[in-house]
Amino acid sequence: MLEIRDLHAEVGGREILRGLDLNLRAGEVHAIMGPNGSGKSTLAQVLAGRDTYGVTAGTVRYQGEDLLPLSPEDRARAGVFLAFQYPVEIPGVSNNYFLRASLNAIRKYQGQEELDAVDFLALVQKKMKLLHMDDALMKRAVNEGFSGGEKKRNEIFQMAVLEPKLAILDETDSGLDIDALKTVAAGVNALRSPDRAILLVTHYQRLLTYIVPDRVHVLAQGRIVKSGGKELALELESKGYQWLEGEQAAVC
Amino acid sequence: MLALKDSTTGVFASYMARFSGLDPRNAWLHAMRQRAFDRFSEMGFPHHKQEGWRQTNITAISQSVFEPRSAPPPAQLVPRLRSLDLPGVDWSPSALRLVFVNGSFAPGLSALDLPPGCRITPLAPLLAAEDAALVAHAEYADEREQAFVALNTAFLADGALVEIPDGIELAAPISILYLTTGSKEEKGISHPRTIILAGRASAVSVVETVAGFAGDVYLSNSVTSIDAGDDARVEYVRLQQDSQTAFHVSKLRTRQGRNSRVVAHNIALGGGLVRNNVHSILDGEGAECTLNGLYALDATQHVDNSTILDHAQPLCTSREYYKGVLDGKSVGVFNGRIIVRQDAQHTDAIQSNKNLLLSGSAATISSQPQLEIYADDVRCTHGATVGQLDAEALFYLRSRGLGLDESRKLLIYAFAADVLGRVQVPGLREALEGVLWQKWAE
């Protein structure tokens, strides 16, 4: 599904990713953990196509194709989804309009028929139940006046509607209380499927109690420095990131 | 100031010749016109070194000859009119509609199914009859200071009167269209005049559209006055859809009685060089006035909005929200003056001017608030912003599969959404959204 080889990326002349390798297969859930400033969010943004980051070397292949030349919208249409760490407020645009335009842009690109208002509403109502969301949300402006938790939940709700093939969740657990975390985790778990890959970017082990990953990677100074099973997350939690200082390079 | 009498151009001669040609037999009308023409002759057109006109150079108006053109024959006019996208004009047979072409009432294009007791009618016959309402309202002493208002009064011949008696609430909006034609060689002119008199506890909505055909060159110089009685509610929409080669100057004056509510929208979409003057007088305790404006400009359009909110009595509320979207090499000017007179205690005034400069454009905006406060117990706030499209928001939309153009359009539209959202006239907001969507799709 996703193959990253020797990825280097910079912002404002400063190199953040320094030779990152990662291999994520369909059906798998991988977690990327690491201290602040290790490059976790940069990786998420680079994969979604944010142009403030420059890729200086390396390759990213998505479903066998080169991902990097694609615009952000074409990546989304091809099935890549980023759940933002800081979802953006867009006053004046309703969730309803936004999500339907988004879904139909993706469906059109994938050769499917666009959904009319009635079919869209039915789909949305089904997905809202999954995340215990209030119907009134669809009429509100995108993320405007939402609490931190509501914004994160809205990201996962969008993901549930758009049904991406590759979902990247950037610090989705931050700002969530335990009940909201469980709801969001249940929403993500419901989307686990043999033809979908999920990349969880997180600072803490907490989320991984509820969304159990197949693999855990530790990112430090722009590279994967250690990889392992789900138990690696617990080990990190008890020993702290300093434990890995001096560890030798990646085992993917 | 540029004294016209000393001008060596043929401009004054042209106005003089036309003024001399007006029928002087109606003594009242002629005297009023004569006073106005004398004022205009003394003052001349405002000069760009003059206070209030520094950011708007109207040399192209003051040094060109504009003369009224005859209306095109209906067979030509009607299909062309229908091809214009005028969201403010209700063409249905049952509508309340007054259409003026080059300053004269066009009965064939109008529809007047008059509600009982109301007067919604062209001015020409009333002027001839020396109608009491016009004697009282066609000339304002405080407007004699303005050359364009004087010019409008000097050539006052037709226009629209909307008079709603006490206690009558009119549900259906009234649409008024002023169409002006002209060409580069034969520049046109019109002086639209609208008088809205809303009686005590009455309610009325008026949508005034000024428009022209693409490529036409003309000056439309309009004056609108609104007099809202105690407890009256008036919604007034001015849709400015002149051709991009046209010149437009307007004056809106509102006067409000106790506990009345006036909402005046100014949506500027067209015109090459535009100056809109608004003077709103809150003249009764508890009156509320909202000035709601949007200017959506591109190419070399220049639109200047100069507004005065005049709090003359206590306990009045004013809200002024003007927003601009500027592309190309367009120029926006906003001058928002709030006057709080000595007696106007407990004034509550908020002014906001927000501007969006589209990326890659060479557009400029000048925004200037002016607060003159002579009372001591008041709340007045103002704020002006100039920004560009939010790159984070743009990326967020694109990351959900929306294309770059669509994402840009959606964000521009979202920026303007609250201004359009204040338009209450049924169906008009949706129609305006459609027009703007088209404009920003280009």
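> Help me understand a negative patch on the surface in this model?
Residue and element names in this part refer to chain A. A surface patch of like charges, here negative, comprises Glu113, Glu114, Asp116 and Asp119. Take Asp116: it is sitting in the loop between helix H3 (95–109) and helix H4 (117–130). Note on Asp116: relative accessible area 38%, which makes it partly exposed.

> Teacher, can you tell me more about empty space enclosed by the protein here?
Regions of empty space are outlined by a rolling probe, equal in size to a water molecule, passed over the atoms. Residue and element names in this part refer to chain B. One pass over the structure, following the stated rule, counts three cavities of 30 Å³ or more. Volume-wise, the second largest cavity comes out at about 60 Å³. Contributing to the lining of the second largest cavity are Tyr236, Arg238, Ser250, Leu252, Ala264, His265, Asn266, Asn276, Asn277, Val278, Leu291 and Tyr322. Listing elements by their share of the lining of the second largest cavity, those giving two or more residues are strand E10 (233–241), strand E11 (247–256), strand E12 (261–268) and strand E13 (273–282). A class-by-class count of the residues in the lining of the second largest cavity yields six nonpolar, five polar and one charged.

> Where do I start with the layout of surface pockets in this structure?
Residues and elements named next belong to chain B. Reported here for the largest pocket is a volume of approximately 910 Å³. Taken together, 33 residues line the largest pocket, and the ones lying closest to its centre are Glu51, Gly52, Trp53, Gln146 and Arg275. Within the residue set of the lining of the largest pocket, elements represented by two or more residues are helix H7 (147–154), strand E9 (218–228), E11, E13, strand E15 (302–311), strand E17 (331–340) and strand E19 (364–373). Top element by residues in the lining of the largest pocket is E13. It accounts for four residues.

> Where do I start with the interface of chain B and chain A in this structure?
A common way to report how large an interface is uses the accessible area buried once the components associate. In this complex, chain B contributes 20 residues to the contact, which on the side of chain A involves 31 residues. When the two sides are added together, the surface that chain B and chain A hide from each other amounts to roughly 2000 Å², 64% of it contributed by carbon and sulfur. When the buried surface of chain B facing chain A is broken down by residue, B:Phe395, B:Tyr396 and B:Arg400 rank first, second and third, together holding 40% of it. Along the contact surface separating chain B from chain A lie three salt bridges. Between B:Arg398 and A:Glu73 there is a salt bridge, and its shortest N-O distance comes to 2.6 Å. The set of elements that each furnish at least two residues to the side of chain B that touches chain A consists of helix H8 (391–398) and helix H9 (404–421) of chain B. Considering only residue class, the side of chain B that touches chain A consists of twelve nonpolar, three polar and five charged.

> For this particular structure, what's the right way to read the packing of H8(B) against H9(B)?
Geometry of a packed helix pair, given as the angle between the helix axes and the separation of the axes. Residue and element names in this part refer to chain B. As a packed pair, H8 and H9 sit with axes 9 Å apart at the nearest point and diverge in direction by 130 degrees. The angle between H8 and H9 places the two elements in the oblique class. Viewed along their axes, H8 and H9 form a crossing whose handedness is right-handed. Listed contacts from H9 to Ala393, Leu394, Leu397 and Arg398 of H8 are Leu404, Ser407, Arg408, Leu410 and Leu411.

> Explanation requested: the side chain of A:His217 in the structure shown.
Residues and elements named next belong to chain A. Locating His217 in the fold gives a position in strand E11 (residues 215–220). In terms of polar contacts, His217 uses its side chain to reach the side chain of Ser227, at 2.8 Å. Once residues within four sequence positions are removed from consideration, His217 is found in contact with Leu22, His30, Ala31, Ile32, Met33, Ile224, Lys226 and Ser227.

> It is not clear to me how the sheet that holds strand E5 (residues 65–66) of chain A should be interpreted in this structure. Could you clarify?
Across a sheet, strands are paired by hydrogen bonds formed along the backbone, either parallel or antiparallel in direction. Residue and element names in this part refer to chain A. Strand order in this open sheet of four strands is E2-E1-E4-E5, and the pairing throughout is antiparallel. Because the sheet does not close on itself, it has two edges, and the strands there are strand E2 (14–24) and E5. Pairing between strand E1 (residues 2–11) and E2: eight bridges, direction antiparallel. In the sheet register, Val11 faces E2, and the bridge partner there is Arg14.

> Is there a simple way to think about unusual backbone geometry in this case?
For residues that are not glycine, phi is negative in most cases, and the peptide bond is trans in most cases. Residue and element names in this part refer to chain A. The backbone of Asn143 shows a phi angle near 60 degrees, a positive value even though the residue is not glycine. Position of Asn143 among the secondary structure elements: in the loop between strand E8 (141–142) and helix H5 (148–162). Residue Asn143 is classed as buried on the basis of its relative accessible area of 0%.

> What should I look at first to understand the sheet that holds strand E6 (residues 80–83) of chain A in this one?
All names here are of chain A. With respect to topology, six strands assemble into an open sheet ordered E6-E9-E10-E3-E11-E12, the strand pairing being mixed. Among the strands making up the open sheet, the edge pair consists of E6 and strand E12 (223–228). Neighbouring strand axes in the sheet, compared pairwise and without regard to direction, differ in orientation by 20 degrees on average. Here strand E9 (residues 166–170) pairs with strand E10 (residues 197–202) via five bridges, running parallel. Its bridge partner being in E10, Ile168 is matched across the sheet by Leu199.

> Explain the environment of B:Gln370 to me, please; I cannot follow it from the model alone.
Residues and elements named next belong to chain B. With respect to the helices and strands, Gln370 occurs in strand E19. Classification of Gln370 by relative accessible area gives partly exposed; the value is 30%. It is 6.0 Å that separates the C-alpha atoms of Gln370 and Gly336, two residues lying 34 residues apart in sequence. If we ignore the near neighbours within four places in the chain, the residues touching Gln370 are Gly336, Arg337 and Ile338.

> Explanation requested: the packing of H9(B) against helix H10 (residues 428–441) of chain B in the structure shown.
Residue and element names in this part refer to chain B. Orientation of H9 relative to H10, taken along the N-to-C sense of each, is 150 degrees, at an axis distance of 11 Å. By the angle between their directions, the pair H9 and H10 is classed as roughly antiparallel. As for how H9 packs across H10, the hand of that crossing is right-handed. Residue-level contacts link Lys409, Leu410, Ile412, Tyr413, Ala416, Leu420 and Gly421 of H9 to Arg429, Leu432, Glu433, Leu436, Trp437, Trp440 and Ala441 of H10. A breakdown of the residues in the contact of H9 with H10 according to their chemical character gives ten nonpolar, one polar and three charged.

> Would you take a moment to explain H8(B) for this structure?
Owing to its 3.6 residues per turn, the α-helix brings residues three or four apart onto one side. Residues and elements named next belong to chain B. With six of its eight residues buried, H8 lies for the most part within the structure. Looking at H8, one finds that the buried residues are Ala393, Leu394, Phe395, Tyr396, Leu397 and Arg398. Two or three places before Glu392, at the opening of H8, Asp390 has a side-chain oxygen 3.0 Å from that residue's backbone nitrogen.

> Where do I start with the pattern of salt bridges in this structure?
Side-chain pairing between opposite charges can occur once the charged atoms of the two side chains come close. Taken as a whole and judged by the stated rule, the model has 31 salt bridges over all chains. Measuring nitrogen to oxygen at the nearest pair gives 3.7 Å for the salt bridge that ties A:Lys40 to A:Glu171. With A:Lys40 in helix H1 (residues 40–48) and A:Glu171 in the loop between E9 and helix H6 (178–190), this pair connects stretches of sequence that are 131 residues apart. The exposure classification of A:Lys40 matches that of A:Glu171, with both residues buried. B:Arg119 is the salt-bridge partner of B:Glu163, the closest N and O atoms lying 2.7 Å from each other. Taken as a pair, B:Glu163 in strand E4 (residues 160–164) and B:Arg119 in strand E3 (residues 119–122) lie far apart in primary sequence, 44 residues in all. Here B:Glu163 falls in the partly exposed class, since its relative accessible area comes to 24%.

> What should I look at first to understand the nonpolar core in this one?
Buried together is how nonpolar side chains tend to be arranged in soluble globular proteins. Ranked by internal contacts, the top residues of the largest apolar core, which has 68 residues, are A:Ile4, A:Leu20, A:Leu47, A:Ile90 and A:Ile168. Setting aside residues no more than four positions away along its own chain, A:Ile90 makes contact with A:Ala141, A:Val142, B:Ala393, B:Tyr396, B:Leu397 and B:Leu411. Counting 46 residues, the second-largest nonpolar core is a separate cluster that includes A:Leu123, A:Ala160, A:Leu176 and A:Ile198.

Criteria and cut-off values
- Residues numbered from 1 in each chain as written.
- Chains lettered and ligands numbered in written order.
- Predicted model: local features only at pLDDT ≥ 70, side-chain atom pairs only at ≥ 80, totals over all residues.
- Heavy atoms only, no water.
- Patch = residues over 30% accessible without salt bridge, like charges linked within 9 Å, V, L, I, M, F, W, Y side chains within 5 Å.
- Areas by Shrake-Rupley, 256 points an atom, 1.4 Å probe, with all protein chains shown as cover.
- Salt bridge = Lys/Arg side-chain N within 4 Å of Asp/Glu carboxyl O.
- Lys, Arg positive; Asp, Glu negative; His and termini not counted.
- Charge placed at Lys NZ, Arg CZ, Asp CG, Glu CD.
- Helix = DSSP H or I, 4+ residues; strand = E, 2+ residues; numbered from the N terminus.
- Buried < 20%, exposed > 50% of the residue type's maximum accessible area, 1.4 Å probe, protein only.
- 1 Å grid on protein atoms, 1.4 Å probe; cavity = no way out; pocket = protein on both sides within 12 Å on 5 of 7 lines; lining within 4 Å.
- Points joined across faces, edges and corners; volume = space filled by probe spheres on them.
- Nonpolar A, V, L, I, M, F, W, Y, C, P; charged D, E, K, R; others polar.
- Contact = heavy atoms within 4.5 Å.
- Buried area = accessible area lost by both parts, 1.4 Å probe.
- Axes fitted to C-alpha atoms, helices over the stretch in contact; angles between N-to-C directions.
- Parallel < 35°, antiparallel > 145°, perpendicular 65-115°, else oblique.
- Left-handed = near helix turned anticlockwise from the far one by under 90°.
- Polar contact = N/O pair within 3.5 Å; in protein donor to acceptor, adjacent residues only side chain to side chain.
- Pairing = 2+ DSSP bridges.
- Core = buried A, V, L, I, M, F, W, Y, C linked by side-chain atoms within 4.5 Å.

Function cannot be inferred from these measures alone, as they are strictly geometric.
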